[in-house]
Amino acid sequence: MRCLTIFLYFTFIISASAQFLSASQDLELTAAAGTFKFPFFTVDTPVWQYNGQIPGPTIRARQGTTFTVNFNNRLDEPSTIHWHGLRIDNAMDGVPGVTQEAVQPGDSFVYNLDLKEAGTYWYHPHFNNSEQLERGLKGVLIVEEQDAQPWSQELVLLLDDWLLQKNGEIYPQFNTPRDLMHDGRWGNVPTVNGKVKPEFIVNPGERVRIRLINGANARVFQPQLGDDITAEVIAVDGRPVSEVFPLGIFYLSPGNRIDLDVTVPEDGGGKIFTLQDGFSRNKYQLATIRVADKPSVSTPDFAPPVADNFIPAKLFNEVPVTKTWDLNAFRGGELGIGWGINQKLWPDADKLDIKLGQPQKIVFQNSSGRLHPMHIHGVFFRVLERNGKPAIEPFTRDTVLVGPKETVVIGLVPEHKGIWVTHCHILEHAEAGMMTSIGVDN
Ligand code: C2O
Ligand code: CU
Ligand code: CU
């Protein structure tokens, strides 16, 4: 049996601070095999990691700067780095066979990143993804606003989900028929920054920015903080929303990020707030936020950044649908089960070619009974309709969860030339062919 009891009964008090790398100079990121200590095993778990860390280092850089990452591949197989959500030069997008050659074992590749837009992003390989990410290769990239708002602290929570065996090892079969027939590889150990149920400490009256990133292969989260603490969504997939809204029900599917503006109650001293997941039938705890038993600090009053270049939905009123992409599985492909887009498996895909600056309407039509968080590289889009009804989403995204039998219409305006892949961010589905591309040219 590969399904183990979920290890949710262990709480560990740890310091919230991950290791930060500041991108004021050039960085080295080295992918290599190593080990990682999960709290409930006496043995070390063999993992693959960047710079010897799980998760990889959190990179912080300033909007408007350029920096260089020298990527060294010390794995036994090819790899690349993709900067999920960043709109950068197509040649830096990290997709092997599309924007660059895969980086062979022992080789290096230099990524030049020109950071025009602030926000919460993350980085991960784009080769043998279902295995490379599951083994630990991922990290957060934060591009700070030029005029930073005075949040008293910031918490960065990279959510993940591991499928571990009783001996502490990562379950070594990938892209199994079971993964492929279902919603990909769901694990038995959800983690936050590689920890199980970590505790974060805040002060009464504080205003905290929380960045949540879903780096799991397949698990969807629906983060909840409860009614006793104010949590507002201020950014989705890195970009500021056009109107702040309460957290409510937000499906944080693999690839998605949200930034929350959280105000700790002034009389909250000594209380514990739970960050839990509400997507699974049985709710479970992801982390806790403990309010220090101290006098209240005064809550700073400021407005979070707002979207300055938000695309109005009415821009798409007269735009015809350029492409309908039907999402479904069939027998075939290298893995025996293919996840097709219009019945085609990557790289033999039904691609779309569009012109720079021209508004496009694309339909994701899920004919299957499974989840497909569809992600597009290098562009942000708006959800216009779900199942024929207008969607009210005051934000853009780079990944949208398309539910079983659901049809989602999106609108986008391509602003960057190049070939941008689009794929399901359930990595097992993508490995089984669910990928195509959008070519943008003059
Ligand atoms: Cu995080 Cu191609 O994706
Ligand atoms: Cu991406
Ligand atoms: Cu999928």
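Residues numbered from 1 in each chain as written. Chains lettered and ligands numbered in written order. Predicted model: local features only at pLDDT ≥ 70, side-chain atom pairs only at ≥ 80, totals over all residues. Heavy atoms only, no water.

A. How the structure looks around the layout of surface pockets. Taken as a whole, the second largest pocket spans an internal volume of roughly 530 Å³. Forming the walls of the second largest pocket are 23 residues, and the residues nearest its centre are Trp346, Pro347, Ala430, Glu431 and Met435. Secondary-structure elements contributing two or more residues to the lining of the second largest pocket are strand E21 (337-341) and helix H3 (427-431). For the lining of the second largest pocket, the residue count by class is 12 nonpolar, 9 polar and 2 charged. (1 Å grid on protein atoms, 1.4 Å probe; cavity = no way out; pocket = protein on both sides within 12 Å on 5 of 7 lines; lining within 4 Å. Points joined across faces, edges and corners; volume = space filled by probe spheres on them. Helix = DSSP H or I, 4+ residues; strand = E, 2+ residues; numbered from the N terminus. Nonpolar A, V, L, I, M, F, W, Y, C, P; charged D, E, K, R; others polar.)

B. Molecular detail of the pairing of strand E13 (residues 207-214). Counting buried residues along E13, 8 of its 8 residues qualify, which places the element largely inside the surrounding structure. The side-chain alternation of E13 yields two buried faces, one formed by Arg207, Arg209, Arg211 and Ile213 and the other by Val208, Ile210, Leu212 and Asn214. As paired strands, strand E10 (residues 153-162) and E13 are joined by 7 bridges and run parallel to one another. Of the residues in E13, the one forming a bridge with Leu155 is Ile210. Bridge analysis of E13 against strand E17 (residues 257-263) gives 7 bridges, and the strand direction is antiparallel. Counterpart to Val208 in the pairing with E17 is Val262. (Buried < 20%, exposed > 50% of the residue type's maximum accessible area, 1.4 Å probe, protein only. Pairing = 2+ DSSP bridges.)

C. Geometry of the coordination of the copper ion (ligand 3). Surrounding the copper ion (ligand 3) are the protein donor atoms His372 (ND1), Cys424 (SG) and His429 (ND1), which sit 2.0 to 2.2 Å from the metal. One chain supplies every donor for the copper ion (ligand 3), spaced along it as H-x51-C-x4-H. Judged by relative accessible area, Cys424 falls into the buried class, the value being 0%. (Donors = N, O, S within 2.8 Å, 3.2 Å for Na, K, Ca; no water.)

D. Representation of unusual backbone geometry in the model. With an omega of -15 degrees, the peptide bond between Ile54 and Pro55 qualifies as cis. The omega angle of the peptide bond from Trp346 to Pro347 is 5 degrees, so this bond is cis rather than trans. For Pro347, the position within the fold is in the loop between E21 and strand E22 (352-355). Phi is positive for Lys197, which is not a glycine, with a value near 50 degrees. Accessibility expressed as a relative area gives 9% for Lys197, which makes it buried. In this structure, Asp237 is a non-glycine residue whose phi angle is positive, near 50 degrees. In this structure, Asp237 sits in the loop between strand E15 (230-236) and strand E16 (239-246). Classification of Asp237 as buried rests on a relative accessible area of 0%.

E. Looking closely at the side chain of His124. Position of His124 among the secondary structure elements: in strand E8 (residues 119-124). In this structure, His124 is in contact with Tyr50, Thr80, Ile81, His82, His84, Leu133, Leu137, Lys138 and His425, ignoring residues within four places of it in sequence. (Contact = heavy atoms within 4.5 Å.)

F. Representation of the environment of Thr80 in the model. Relative to the elements of secondary structure, Thr80 occurs in the loop between strand E5 (66-74) and strand E6 (82-84). Separated by 91 residues in sequence, Thr80 and Tyr171 have C-alpha atoms that sit 23 Å apart. A distance of 2.7 Å separates the side chain of Thr80 from the backbone oxygen of Gly94, its partner in a polar contact. Reaching out from Thr80, the side chain makes a polar contact with the backbone nitrogen of His126 at a distance of 3.2 Å. (Polar contact = N/O pair within 3.5 Å; in protein donor to acceptor, adjacent residues only side chain to side chain.)

G. Structural detail: the pairing of E5. With 7 of 9 residues buried, E5 lies mostly within the body of the structure. In terms of strand pairing, strand E2 (residues 27-36) meets E5 through 6 bridges, oriented parallel. For Ala31, the partnering residue across the bridge sits in E5 and is Asn73. Pairing of E5 with strand E7 (residues 108-114) involves 7 bridges; the strand directions are antiparallel. Considered in E7, the bridge of Phe71 is made with Phe109.

H. Layout of the coordination of the copper ion (ligand 2). Looking at the copper ion (ligand 2), one finds its protein donor set to be His82 (NE2) and His375 (NE2), positioned 1.9 Å from the metal centre. One end of the pair, His82, is in strand E6; the other, His375, is in strand E24 (residues 372-376), and 293 residues separate them in sequence. For the pair His82 and His375, one class covers both residues: buried.

I. Examining the sheet that holds strand E26 (residues 389-390) more closely. An order of E21-E20-E23-E28-E25-E26 is seen for the 6 strands of this open sheet, with the pairing classed as mixed. In this open sheet, the two strands that pair with only one neighbour each are E21 and E26. Alignment of strand E20 (residues 321-331) against E21, held across 5 bridges, turns out to be antiparallel. Residue pairing in the sheet places Asn328 in a bridge with Gly340 of E21.

J. Focus on the environment of Leu75. Of note, Leu75 is situated in the loop between E5 and E6. Expressed as a C-alpha distance, the spacing of Leu75 and Ala31, which sit 44 residues apart in the sequence, is 6.2 Å. Ignoring any residue separated from it by four or fewer positions in sequence, one finds Leu75 in contact with Ala31, Ala32, Ala33, Trp48, Pro105, Gln132 and Leu137.

K. Focus on the sheet that holds strand E18 (residues 272-277). With mixed pairing, the 4 strands of this open sheet are ordered in space as E12-E19-E18-E14. Strands at the two margins of the open sheet, each flanked by one partner only, are strand E12 (199-202) and strand E14 (223-224).

L. Fine view of the confidence of the model for the protein. Confidence in the prediction of the protein, expressed as mean pLDDT, is 93, and 94% of residues score 70 or more. Predicted confidence for residues 1-18 stays below pLDDT 50, and this span has 42 contacts to residues more than four positions away or in other chains. (pLDDT = per-residue confidence, 0-100.)

M. Quick look at the pattern of salt bridges. If you walk through the whole model with that rule in mind, you get 24 salt bridges. Residues Arg185 and Glu134 are paired through a salt bridge, measuring 3.1 Å at the closest nitrogen-oxygen approach. One end of the pair, Arg185, is in the loop between helix H2 (177-181) and strand E11 (189-192); the other, Glu134, is in helix H1 (residues 129-134), with 51 residues separating them in the sequence. Using a relative accessible area of 1% as the deciding quantity, one classes Arg185 as buried. The salt bridge involving Glu393 is made with Arg397; its shortest N-O contact spans 2.9 Å. Looking at Glu393, the relative accessible area reads 8%, which means it is buried. For Arg397, a relative accessible area of 5% puts it in the buried group. (Salt bridge = Lys/Arg side-chain N within 4 Å of Asp/Glu carboxyl O.)

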